[in-house]
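Overview (structure and organization)
So you can see what is in the structure, the chains are spelled out below.
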Amino acid sequence: MKDHAVISGVGLTKATSPRRQTMSKYELCRLAVDRAIEHSGVSRTDIDTVIIGDIAGFEASSVSAKTIAPHLGLSPMTTVIPISTGGTSGGHLPNQAATLIKAGFAERVLCVAPNTFDGPVDLQAVINTNSPMIMEQPLGMGASHMGAFFPGAYQDAYGISDEDLMMVATKNRADADFNPYAHVNSTLDDEHADRMISTPLRLGMTCPVSSGAIALVVTAEGLARTESPNPLVRISAHGSISDGYLGGKRRDFSKFEVVEIMARRAYRDAQILNPLDELDVAELFNPLAPMEYMLMEAFGLCEYGTAPQLVKDGTTRFGGTLPVNLSGGIVCTNPGLAGQIAPVAHVALQLMGQSVTRQVEGAKRGVAHSAGGTFFQFHTITLMERVA
Amino acid sequence: MTQTTTSDTLIHDVHWEIDYKVRLGQAWTRFMRGLQNKELWATRTNDGARTYLPPQTYDEATFEPITEWVQVEPVGTLRASTIVYQGFEGGPTAPYAVGAIEIDGTDSLLMHFIGGVDLTDPDTARARLRSGTRVRAVWADERNAEITDIRHFVVED
């Protein structure tokens, strides 16, 4: 039966470095799953579908989602759906769960976002397989270098200073101090942070390599009304979009051209006319801290080129009109898949009034985003609203 | 209840070593043969509205096939760039610069190395590589029908 989809349970694990991780991928996923199921009030055997993310090449085996599924303690008849879409895999998990529930094909869906980066010895070598081959892969660009084109062009277009670029990273790390599940926080020392990687990106603007897993339970709203102990957080709209694959397909690196299109469509679906006023909390995927500015603009929170001002005047800080990335964002914690679903997880908890970071009082509507591809060619959006 | 392992959990090695042969197809083959000949070839829609470099044989706006090829001069305008100070294993030795170049008469950007600029000081180098800088291709002495048949682009004053 068709119904709205609500996020009924969230399971987090504390992030650490892959070197310090003591659990296997299966154990970590199982831990996140156990926590999400317990939080949701759903009976384990009532899960009818499990959607598991992985990213090809980062795992020592292919289609690792299929190898993880049997370890999760689910009914053998559970439908298993692997999703492998690079950096947007995590964002797609709850969106696909909502799609299935709204279409009447599922009722209680488990979303599993594993720790992606624990395996590869040379992580850069794996990331380079994502570089557009033949035409651009031979040109010496790793993930940070490809990503650097964006804040570089943004800075050039709008006269943004190096200090302003670092300002948002400092905000992220200060917020991470209040997130017990974050990896890097304000203890990162300035000398390290200032080291130039690829202009204008400095080390302190780039994400760490983290290990952790996150799981969500997404339930048909009618069932959640009787089963769930938590306030009901409905997925009110969702979407995704892709841009051309070659880096050179971006005509303007100073903005995420397609993200504005994706956001407008989702806002229309959720009947949001003025996101800055109507949203209470946002988590925007920022493995490179300055992306937060560009995403704020593409999501319609302010005019292009003006986002740093909203950080300076407190609009997007804790206590402001629309706090952004109170979790500390991806620049503080990036376990891969788990990092991509973290925006949805943290917004859902905020709307439940159960944030593990600082709580935005009375938060009712929020937006989460994920991005993928080394040139951020793909994006997802998930809009959520507390309905009960 | 979930049992966790002890802190000295075993780690085993898994090793992949896989080679691929990738067919470039008609458009990119012609493009690469052009580079080998020190020529830059693009494809253009019939109405001239869009010119693709690297070339492709369909138009993204109309989904119509494209059959017209045009040779373009290897000169253009730098639209975005980055100067790499920390590279990666197997990559070029830092510092080096990479740019996104709008070749004159085309509608997408060609990414390539930018050479001939003193990269010792990041701020000076960045000032030299601002958007709008004109650049021209320098061909490699040895050309093998690859994107690196262009050695790099240099600033044209």
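Refer to the preceding data block for the structure.
The secondary structure content of chain B amounts to two helices and eight strands. Going from N to C terminus, chain B has its helices and strands arranged as α-β-β-β-β-β-β-α-β-β. Since a compact globule built from 157 residues should have a radius of gyration of about 15 Å, the 21 Å found for chain B marks it as more spread out than a globular shape. Taken along the three principal axes of its C-alpha coordinates, chain B extends 65 × 45 × 35 Å. Looking at the 157 residues of chain B, the share that counts as buried comes to 33%.

On to the sheet that holds strand β10 (residues 365-372) of chain A, then. What holds strands together in a sheet is hydrogen bonding between their backbones, with the strands either parallel or antiparallel. Residues and elements named next belong to chain A. The nine strands lie next to each other as β3-β2-β4-β7-β1-β8-β11-β10-β9, forming an open sheet whose pairing is mixed. This sheet does not close on itself; its edge strands, each paired only once, are β3 (79-83) and β9 (281-283). Strand after strand, the sheet turns through a mean of 25° between neighbouring axes, direction not considered. Pairing between strand β2 (residues 49-53) and strand β4 (residues 108-113): four bridges, direction parallel. Within the sheet, the bridge partner assigned to I51 lies in β4 and is C111. Strands β1 (5-12), β4 and β7 (214-220) of the sheet are contacted by helix α1 (residues 25-40), whose axis makes an angle of about 130° with β1. Sheet contacts for helix α3 (residues 89-102): β1, β2, β3, β4, β7, β8 (233-242), β10 and β11 (378-386); angle to β4, the most-contacted strand, approximately 170°.

Moving on, we come to the environment of A342(A). Residue and element names in this part refer to chain A. Relative to the helices and strands, A342 is located in helix α13 (residues 337-352). Residue class for A342 comes out buried when judged on the 32 C-beta atoms lying within 10 Å of it. Distance from A342 to A69, taken between C-alpha atoms, is 20 Å for residues 273 residues apart in sequence. Those residues in contact with A342 that sit more than four places away from it in its chain are I214, S327 and T333.

Here the focus is the nonpolar core. Residue and element names in this part refer to chain A. The biggest cluster of nonpolar side chains holds 152 residues, and the ones touching the most others in it are C111, V112, A215, L216, I341 and A348. At eleven residues, α13 tops the list of elements feeding residues into this core. Excluding residues that lie within four positions of it along the chain, A348 makes contacts with I7, V10, V233 and M384.

Residue and element names in this part refer to chain A. The first and last C-alpha atoms of helix α5 (residues 143-158) sit 24 Å apart over 16 residues, in line with the 22 Å expected at 1.5 Å per residue. With 14 of its 16 residues buried, α5 lies for the most part within the structure. In the stretch just after α5, G159 is the one whose phi turns positive, near 65°.

Take the environment of D177(A) next. All names here are of chain A. With respect to the secondary-structure elements, D177 resides in the loop between α6 (162-176) and α7 (190-193). Residue D177 is classed as partly exposed on the basis of its 15 C-beta neighbours within 10 Å. Measuring from C-alpha to C-alpha, the distance between D177 and L28 comes to 23 Å, with 149 residues separating the pair along the chain. In this structure, D177 is in contact with N185 and S186, ignoring residues within four places of it in sequence.

What follows deals with the environment of E73(B). Looking at the secondary structure, you find E73(B) in the loop between β3 (68-72) and β4 (75-84). Expressed as a C-alpha distance, the spacing of E73(B) and I83(B), which sit ten residues apart in the sequence, is 25 Å.

Strand order in the open sheet formed by three strands is β2-β1-β3 (chain B), with antiparallel pairing between adjacent strands. Of all strands in the sheet, those with a lone pairing partner are β2 (51-52) and β3 of chain B, marking the two edges.

Further remarks concern the interface of chain B and chain A. Across the contact, 38 residues belong to chain B and 35 residues belong to chain A. For the side of chain B that touches chain A, the secondary-structure elements that each account for two or more residues are β4, β5 (96-103), β6 (110-115) and α2 (122-128) of chain B. In terms of residues, the side of chain B that touches chain A owes the most to one element, β4(B), which gives five residues. The residue makeup of the side of chain B that touches chain A, split by class, is 20 nonpolar, 14 polar and four charged.

Residue and element names in this part refer to chain A. Of all the eight residues making up β10, eight are buried; the element is thus mostly covered by neighbouring parts of the structure. Neither face of β10 is open: one carries R365, V367, H369 and A371, the other G366, A368, S370 and G372, and all of them are buried. Sheet topology places β9 next to β10; three bridges connect them, and they run parallel. Paired with V281 across the strands is G366, a residue of β10. The sheet contact formed by β10 and β11 spans eight bridges and is antiparallel.

Cut-offs and rules
Residues numbered from 1 in each chain as written. Chains lettered and ligands numbered in written order. Predicted model: local features only at pLDDT ≥ 70, side-chain atom pairs only at ≥ 80, totals over all residues. Helix = DSSP H or I, 4+ residues; strand = E, 2+ residues; numbered from the N terminus. Rg over C-alpha atoms; globule rule 2.2 N^0.38 Å. Buried ≥ 20, exposed ≤ 12 C-beta atoms within 10 Å, placed from the backbone. Pairing = 2+ DSSP bridges. Axes fitted to C-alpha atoms, helices over the stretch in contact; angles between N-to-C directions. Contact = placed C-beta atoms within 7 Å. Core = buried A, V, L, I, M, F, W, Y, C linked by C-beta atoms within 7 Å. Expected span 1.5 Å × (residues − 1). Nonpolar A, V, L, I, M, F, W, Y, C, P; charged D, E, K, R; others polar.

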